[in-house]
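In case you want the letters, here they are:
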Amino acid sequence: MKSAKKMLALVLVLMMTASLFACGKKDPASDTTPTPTANPTDETPTPTPTEEKKPAVLLTDEDAIYDAALGEFAKYLEEAQKEVDNISLRYALEAIAEAKLLESGVYIPASSQGGMYAIGRVAPYTASPCLWGTDTYRFHNVVVASDPITPEDRTALKVKYNEIKGTGTYEEFAKNYLTEKGYTLKDTYTIGYSTDPATWDILDTYLAADAEAIVNVYDGLIEYDNENVMKPALAESWTISDDGLTYTFKIRQGATWVDSQGRYVGDVTAKDFVTGMQHCLDCDATSYLVSGVIEGAEEYLLGDITDFAQVGVKALDDYTLEYKLVAATPYFMTMMGYNPFAPLNEQYFKSKGGALGYDAWAEAKESGKVTYGTDRDNIAYCGPYLVTNYTEKNKIVFSANPSYWNKDNINIKTITWLYNDGEDATKAYKDMKEGVIDGCGLNAEAVVLAKNDGWFDKYHYVSATDATSYGSFLNLNRQGYALFNDPTQVVSGLTDEQKDLANLALQNVHFRRAIAFSYDRIAYNAQTTGDEVAALSVINSYTPGNFVALSEDVTVKINGTDTTFKAGTYYGVIMQAQLDADGVPMKVWDQTKEDGAGSSAGFDGWYNPANAKAELAKAIEDLGFVIDKNNPVHIELSYPSSVSAYANRANAMKKAVEESTDGAIIIDLLDCESLRNWYYDGYYCQTGAQCNYNIYDCSGWGPDYGDPQTYLNTFQKEIGDMIHCLGIY
């Protein structure tokens with residue numbers, strides 16, 4: 001049974017830059033009209049074999065493809081995951097595993113969310129800054145001013161935040177500060193969005209486009225506040241057994257479920273979390289998070305046990321919830337902010353056609369009688385908001401839930417999402433300026449507009465980057481040559497010979513690295529951020545290099561040599577050490593960044609045409625045939641021509657790759673026309689066979705919990721969510 005995981009749509013997540021303060025599409029653009037390369041009508045000449053060796057053989061077995069590309073990565077990841085007692089050793093081994101992942105060239109990191117110019121009315125750090133889970137999309141306590149906040153006032157607020165964070169006093173300080181400075185505070189918050197939720201069932205989705213909306217209508221056991229402190233939510237308190245295997249939560253009494261009209265459905269009890277976990281496993285959307293962690297979860301998923309009472313999630317009484325774990329899991333509490341730990345009212349769920357039990361749920365879905373989660377009127381609410389208005393591709397309105405247990409302590413009474421298809425690159429800025437929305441990121445066209453009208457100098461700031469990782473995925477086994485949901489759309493222009501040649505070449509590590517080293521990611525990012533800040537959002541690793549640090553000295557073998565890393569060493573330092581030892585010239589850590597603290601972001605440590613040519617020469621030697629401008633390899637990159645920023649970005653990649661390889665690698669631009677088709681070209685694909693591209697850059701990943709495993713597991717053999725982006729499984 002395949003487990004799926006959360007995947008971030010580039011367009012949707014980039015709607016909310018600046019720690020969600022800038023709303024609108026990350027759709028920069030220039031005046032340049034995209035010029036897709038025409039797909040050749042004549043077949044490319046058959047590659048000429050070299051004298052050194054026979055041509056390589058195309059692999060078609062998925063396991064063989066995976067082992068060839070990611071076998072070393074998988075070995076180190078497995079070793080790391082055995083370490084549950086020595087967390088620092090675990091981090092070091094995970095860093096080595098990630099170095100192997102990056103060396104493979106199957107994924108090329110490009111950008112994070114943020115790091116662009118923005119203007120907004122939301123006070124900095126009044127939403128949760130937590131890097132994992134979904135709490136950062138809970139908007140109930142943001143502080144919103146009636147006017148854009150000036151850079152000077154933002155700086156003052158940030159300085160104070162760093163002084164007092166952890167004391168629980170910053171939110172009140174921000175309110176008082178802004179009021180004293182003459183701002184009027186609002187109890188409404190309006191943002192832009194680009195993708196409608198496909199479901200309202202939080203337990204049956206792995207898409208951020210769904211979770212970012214749904215998270216505002218339910219509460220979990222805990223919640224990270226705006227100072228990044230874990231606070232009680234539906235759990236008033238919790239205890240952990242001495243052996244780390246049993247977690248016991250006392251559920252808050254008085255919290256209730258209501259329907260979309262605010263009518264009472266039932267009390268929130270411990271049983272709701274048991275029901276929620278069973279439905280999560282039945283759906284198998286985010287079950288990867290708890291499989292092998294919660295006792296019996298993996299066996300239930302595999303069908304080895306069918307009685308959910310044997311799974312380690314139990315209601316000991318109405319208000320006492322217990323989780324039993326397979327092994328001590330130090331990061332278990334950090335998982336609480338993500339989908340699988342959401343509650344579900346069983347009575348309401350079943351009244352909407354739902355069923356518990358894997359087979360029963362599958363049969364119910366097959367019958368077509370399940371209405372639970374199909375729209376806002378078919379879910380129960382226990383969070384701060386009710387969805388009171390929803391029109392597809394138009395508007396979503398979240399109104400304060402009068403029955404919410406913590407209704408007196410929320411700042412925002414109404415959240416409004418306004419649809420923006422991104423085709424007008426300046427719409428978000430214009431809407432922000434007119435007060436239609438409360439903030440926006442400034443793409444290249446918007447920067448020009450803002451500078452011309454004086455708002456740039458008066459209000460702009462640079463949004464903070466987060467832990468989101470966007471990049472390019474290389475298809476090692478392309479089988480799809482049109483949209484899986486509509487084979488008449490986005491049809492490949494490659495000839496049969498070009499298709500086979502692309503697959504063969506992309507299965508070679510040196511060919512993949514040639515691509516990785518060949519495109520200028522600062523120029524690429526500039527198409528969505530503008531030239532001035534393009535470098536700020538560039539990332540060089542999958543897991544941010546400062547995501548975790550060692551808490552004690554650790555000695556590991558780097559290519560057989562014992563190497564000691566001191567307590568306090570960042571994850572990125574160890575990644576870099578392994579890359580250096582392997583002689584792979586990827587720079588993923590720069591100790592001079594962040595005033596000497598170091599960072600894996602804010603510079604392009606990959607782009608190097610000389611390295612691209614060197615890797616291409618090795619690929620030619622391995623493959624056994626000539627690749628040059630007279631015998632090029634054609635690979636297709638999909639893009640939506642309706643959004644100028646992304647069209648320009650595709651052309652930037654094309655230009656850099658072709659120039660860096662002297663025309664030996666040709667990027668053929670495959671026009672999806674609309675954002676919807678672009679999503680179906682890759683983001684909505686469920687299997688590798690559906691992926692219609694050779695290289696794709698519309699997907700990303702945000703962490704679910706506080707361990708690098710949350711990133712690395714996405715490339716696990718067969719079950720990793722991002723693995724299908726490589727055309728396998």
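Here the residue index of a chain counts from 1 through its sequence in written order. With pLDDT at 70 or above as the cut-off, local features in this predicted model cover only qualifying residues; side-chain atom pairs require 80 or more to be listed or tallied, and sums for whole chains, interfaces and linings still use all residues. Working from all heavy atoms in the structure, the side-chain values ignore hydrogens and water.

1. Some points on the overall build of the chain
To keep it simple, the criterion reads: The way it works is that DSSP assigns letters per residue, a run of H or I at least four long becomes a helix, a run of E at least two long becomes a strand, and they are numbered from the N terminus. For the radius of gyration, the atoms used are the C-alpha atoms, and the globule rule reads 2.2 Å times the number of residues raised to 0.38. Three labels apply to residues, based on accessible area from a 1.4 Å probe with only protein chains included: buried if under 20% of the type maximum, exposed if over 50%, partly exposed otherwise in between. Note on areas: these come from Shrake-Rupley sampling with a 1.4 Å probe, and a residue is covered only by the protein chains present in the view.
Summing up its helical and strand segments, the chain has 22 helices and 27 strands in all. Computed over C-alpha atoms, the radius of gyration of the chain comes to 25 Å, within 12% of the 27 Å expected from 2.2 N^0.38 for 729 residues, which places it in the range of a compact globule. Burial statistics for the chain: of 729 residues in total, 63% are counted as buried. Surface exposure of the chain reaches about 25,400 Å², of which carbon and sulfur atoms provide 47%.

2. Topic: the nonpolar core
Inclusion rule: Side-chain atoms within 4.5 Å are what join buried Ala, Val, Leu, Ile, Met, Phe, Trp, Tyr and Cys residues into a set we call a nonpolar core. The contact rule is simple, with two residues in contact once any of their heavy atoms fall within 4.5 Å.
Counting residues in hydrophobic clusters, the biggest one holds 193 residues, and the most contacted among them are Ile 294, Tyr 323 and Phe 715. Take this core: its biggest share by element is ten residues, from helix 4 (residues 87-104). Setting aside anything within four residues of it in sequence, one finds Ile 294 in contact with Met 277, Val 311, Gly 312, Val 313, Tyr 323, Lys 324, Leu 325, Val 326, Phe 332 and Phe 341. Counting 15 residues, the second-largest nonpolar core is a separate cluster that includes Ile 119, Ala 446, Val 447 and Ala 450.

3. Points about the sheet that holds strand 4 (residues 117-120)
The condition that has to hold: A strand pair is defined by DSSP finding two or more bridges across the two strands.
Ordered in space as 19-4-20, the three strands form an open sheet in which the pairing is antiparallel. The outermost strands of the open sheet, each flanked by one partner alone, are strand 19 (439-441) and strand 20 (461-462). Where strand 4 and strand 19 come together, three bridges link them in antiparallel fashion. Following the sheet pairing, Ala 118 is matched in strand 19 by Gly 441.

4. A look at a negative patch on the surface
Defined as follows: Any residue with relative accessible area above 30% and no salt bridge may belong to a patch, with like charges joined within 9 Å and the nonpolar Val, Leu, Ile, Met, Phe, Trp and Tyr side chains within 5 Å. Salt-bridge detection follows one rule: a side-chain nitrogen of Lys or Arg within 4 Å of a carboxyl oxygen of Asp or Glu. None of His or the chain ends enter the tally, which takes Lys and Arg as positive and Asp and Glu as negative. Lysine's charge is taken at NZ, arginine's at CZ, aspartate's at CG and glutamate's at CD.
Taken together, the side chains of Glu 295, Glu 298, Glu 299 and Asp 304 make up a negatively charged region of the molecular surface. In this fold, Asp 304 is placed in the loop between helix 9 (297-302) and strand 14 (313-317). Exposure remark for Asp 304: the relative accessible area of 57% places this residue in the exposed category.

5. Some details on the pattern of salt bridges
Evaluation of the coordinates by the stated rule reveals 30 salt bridges. Between Asp 225 and Lys 231 there is a salt bridge, and its shortest N-O distance comes to 3.1 Å. Residue Asp 225 is classed as buried on the basis of its relative accessible area, which comes to 16%. For Lys 499, the salt bridge is made with Asp 496, and the minimal N-O distance between the two is 3.8 Å. In this pair, Lys 499 and Asp 496 are both assigned in helix 15 (residues 496-506), three residues apart and thus about one turn of the helix distant. Connected through shared salt-bridge partners, Glu 72, Lys 100 and Asp 582 make up one network.

6. Examining the sheet that holds strand 18 (residues 414-419)
Quick reminder of the rule: Axes here refer to lines fitted to C-alpha atoms; in helices the fit is confined to the stretch in contact. Angles between the N-to-C directions go from 0 to 180 degrees.
Taken in spatial order, the four strands make up an open sheet running 7-18-17-16, and their pairing is mixed. What marks the edges here is a single partner per strand, and that holds for strand 7 (188-193) and strand 16 (385-391). For this sheet, the mean inter-axis angle between neighbouring strands, taken without regard to orientation, is 15°.

7. Remarks on the pairing of strand 14
In this sheet, strand 15 (residues 320-324) lies alongside strand 14 in antiparallel orientation, the contact comprising four bridges. If you follow Lys 314 over to strand 15, its bridge partner there is Glu 322.

8. Thoughts on helix 13 (residues 444-453)
What counts is decided by this rule: Regarding the arc, it is the one traced by the directions from the helix axis to the C-beta atoms. Whenever a nitrogen or oxygen atom comes within 3.5 Å of another N or O atom, the pair is scored as a polar contact, on the condition that within protein one atom can donate a hydrogen and the other can accept it, and that pairs from neighbouring residues in sequence are kept only if both atoms are in side chains.
Residues of helix 13 that are buried include every one of Ala 444, Ala 446, Val 447 and Ala 450, and no others. The buried residues of helix 13 occupy an angular sector of 155° when the element is viewed end-on, so they sit on one face. Contacts made by the buried residues of helix 13 are with strand 4, helix 12 (427-433), helix 14 (455-459) and helix 17 (521-529). One side-chain oxygen at the N-terminal end of helix 13 lies 3.2 Å from the backbone nitrogen of Glu 445; it belongs to Asn 443. Just downstream of helix 13, Gly 454 is the residue with a positive phi angle, here 90°.

9. A short note on the packing of aromatic side chains
Note the threshold: In summary, the pairing rule links any two rings of Phe, Tyr or Trp, Trp by its six-membered ring, whose centres are within 6.5 Å, and it sorts them by plane angle into stacked for under 30 degrees, edge-to-face for over 60 and tilted for everything else. Placement of a charge over a ring requires the Lys NZ or Arg CZ to be within 6 Å of the ring centre, with the centre-to-atom vector within 35 degrees of the ring normal.
A complete count under the given rule lists 43 aromatic pairs for this structure. Measuring from centroid to centroid gives 5.2 Å for Tyr 679 and Tyr 683, while their planes differ by 65°, and the two rings are edge-to-face. Residue Tyr 679 and its partner Tyr 683 are located together in helix 21 (residues 675-683), separated by four residues, close to a single helical turn. The class of Tyr 679 is buried, set by a relative accessible area of 4%. What links up through ring pairs into an aromatic cluster is the set Tyr 107, Trp 132, Tyr 224, Phe 473, Tyr 542, Phe 547, Tyr 711 and Phe 715. The ring of Phe 173 carries the charged tip of Lys 160 above its face, separated from the ring centre by 5.5 Å. Positioned above the aromatic ring of Trp 405, the side-chain terminus of Arg 252 is 3.8 Å from the ring centre.

10. Some details on the side chain of Asp 284
Mapped onto the elements of the fold, Asp 284 is located in the loop between helix 8 (270-283) and helix 9. Engagement of the side chain of Asp 284 in a polar contact is seen with the side chain of Ser 287, the distance being 2.2 Å.

11. Remarks on helix 8
This is how it is decided: Expected helix span is taken as 1.5 Å per residue step, with the number of steps being one fewer than the number of residues.
Here helix 8 is 14 residues long and its end C-alpha atoms lie 21 Å apart, about the 20 Å a rise of 1.5 Å per residue gives. Taken across its 14 residues, helix 8 has 13 buried, putting it largely inside the fold. Where helix 8 terminates, the next one or two residues include Asp 284, which has phi positive at roughly 65°.

12. A few points about empty space enclosed by the protein
Condition: Detection works on a 1 Å grid of protein atoms alone, calling trapped sets that fit a 1.4 Å probe cavities and calling open sets with protein on both sides within 12 Å along at least five of seven lines pockets, with lining residues defined by an atom within 4 Å of a point. Grid points are joined across faces, edges and corners, and a volume is the space filled by probe spheres set on the points. Polar here means any residue other than Ala, Val, Leu, Ile, Met, Phe, Trp, Tyr, Cys and Pro, which are nonpolar, and Asp, Glu, Lys and Arg, which are charged; Gly is therefore polar.
Per the counting criterion, the structure on display carries three cavities of 30 Å³ or more. In terms of lining residues, the largest cavity is bounded by 13 residues, among which Ile 202, Tyr 218, Pro 343, Tyr 372 and Ala 380 are the most central. Taken together, the residues of the lining of the largest cavity sort by class into twelve nonpolar, no polar and one charged.

13. Focus on the packing of helix 16 (residues 509-516) against helix 19 (residues 609-623)
Here is the rule we go by: Working definition: roughly parallel below 35 degrees, roughly antiparallel above 145 degrees, roughly perpendicular at 65 to 115 degrees, and oblique for all remaining angles. Handedness of each helix crossing follows the sense of rotation of the near helix against the far helix: counterclockwise by less than a right angle gives left-handed, clockwise gives right-handed.
Where helix 16 meets helix 19, the axes come as close as 7 Å, and the angle between the chain directions of the two elements is 160°. In terms of axis orientation, helix 16 runs roughly antiparallel to helix 19. The way helix 16 lies across helix 19 gives a crossing that is left-handed. Taking contact as the criterion, the partners of His 510, Phe 511, Arg 513 and Ala 514 in helix 16 are, on helix 19, Ala 612, Glu 615, Leu 616, Lys 618, Ala 619 and Asp 622. Residues belonging to the contact of helix 16 with helix 19 are distributed by class as follows: five nonpolar, one polar and four charged.

14. A few points about the packing of helix 17 against helix 20 (residues 644-660)
Across the interface, helix 17 lies against helix 20 with an axial gap of 8 Å and an inter-helix angle of 170°. The angle between the axes of helix 17 and helix 20 places the two elements in the roughly antiparallel class. Side by side, helix 17 and helix 20 meet where Ala 523, Tyr 524, Gln 527 and Thr 528 of the first sit next to Ala 645, Tyr 646, Asn 648, Arg 649, Ala 652 and Met 653 of the second. The residue makeup of the contact of helix 17 with helix 20, split by class, is six nonpolar, three polar and one charged.

15. With respect to the environment of Phe 473
Inspection of the secondary structure puts Phe 473 in strand 21 (residues 469-474). For the pair Phe 473 and Gln 261, spaced 212 residues apart in sequence, the C-alpha to C-alpha distance is 44 Å. Beyond its immediate chain neighbours, meaning those up to four positions away, Phe 473 contacts Val 106, Tyr 107, Tyr 693, Asn 694, Ile 695, Tyr 696, Ser 699, Phe 715, Met 722, Cys 725 and Leu 726.

16. Focus: the confidence of the model for the chain
Rule in force here: The predictor attaches a confidence to each residue, and that confidence, scored 0 to 100, is pLDDT.
Per-residue pLDDT for the chain has a mean of 91; in total, 92% of the residues score no lower than 70. Contacts from residues 1-52, a stretch scored under 50 in pLDDT, to residues over four places away or in other chains number 238 contacts.

17. Some words on the state of the cysteines
Let me state the cut-off plainly: Criterion for a disulfide: a pair of cysteine sulfur atoms at a distance within 2.5 Å.
Within the structure shown, the criterion is met by zero disulfides. There is no disulfide at Cys 280, and the cysteine sulfur nearest it, in Cys 283, is 7.3 Å away. Looking at the unpaired Cys 685, the closest cysteine sulfur is the one in Cys 691, lying at 4.3 Å. Cys 685 gets classed as buried once you look at its relative accessible area, which sits at 0%.

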